[in-house]
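Here is what each chain is made of, one letter per residue.
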Amino acid sequence: MAAGGGSGGSPGLNLKGLASEAAKHRLQELNSQVREWKAAWEEAERQACIMREEVARLESMSQITDRDALYLRSVIVSGFESGELPMNGAMFGVLARLLHFSPQEMSRIKQHSTSKSSGRINSSVLGAVGGGPAVGGGGIRR
């Protein structure tokens, strides 16, 4: 037998066995971390997908609201232009402010209001606003 050999085999082989066991243990730890991180990543991806769907849903609701507001604005401007909606009183100013009438719309309304000023609301305006027969017909019938 060689010096320092003993019954346990060579010291070099013993150290290699310990290093191999430590490496296996470390590999198991790393694999466990990878599984945890992969699960966290998948959960984050699932949450991101849910958030993207919610953003798309909210954007579509906003687009519908914008389209409806644009339609309402067009109907109201047409009502003021035709004289079917009165310009006297507070209603014109409030609606102009809330619906953000453009300077061009304001001048068209004022131009038409000087020539036609009946001061009454007829059924075609109410129908267009309330979902009556003028809806889908492009606003107020003339």
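As a reminder, the structure under discussion sits directly above these lines.
Not measured: the values here are computed from a predicted model.

Scoring rules and cut-offs
- Residues numbered from 1 in each chain as written.
- Predicted model: local features only at pLDDT ≥ 70, side-chain atom pairs only at ≥ 80, totals over all residues.
- Heavy atoms only, no water.
- Helix = DSSP H or I, 4+ residues; strand = E, 2+ residues; numbered from the N terminus.
- Buried < 20%, exposed > 50% of the residue type's maximum accessible area, 1.4 Å probe, protein only.
- Contact = heavy atoms within 4.5 Å.
- Areas by Shrake-Rupley, 256 points an atom, 1.4 Å probe, with all protein chains shown as cover.
- Core = buried A, V, L, I, M, F, W, Y, C linked by side-chain atoms within 4.5 Å.

(A) Spotlight on the overall build of the protein. Check the secondary structure of the protein and you find 4 helices and 0 strands. When the helices and strands of the protein are listed from N to C terminus, the series reads α-α-α-α. The 142 residues of the protein split such that 19% are buried. Sequence-distant contacts, at least 24 apart, represent 60% of the contacts inside the protein between residues at least 6 apart. Put simply, the protein shows about 10600 Å² of open surface, and 60% of that area lies on carbon and sulfur atoms.

(B) View of the nonpolar core. Within the largest apolar cluster, 9 residues are counted, these being Ile-76, Val-77, Phe-80, Leu-85, Phe-92, Ala-96, Leu-99, Phe-101 and Ile-109. For this core, the secondary-structure elements that each account for two or more residues are helix H1 (11-82) and helix H2 (90-98). In terms of residue count, H1 provides more of this core than any other element does, 3 residues in total. The residues touching Ala-96, leaving out its near neighbours within four places in the chain, are Phe-101 and Met-106.

(C) Region of interest: unusual backbone geometry. In the Ramachandran plot, His-100 falls in the positive-phi region, its phi being about 55 degrees despite a non-glycine side chain. Here His-100 shows up in the loop between H2 and helix H3 (103-115).

Everything listed is a geometric property; what it means functionally is a separate question.
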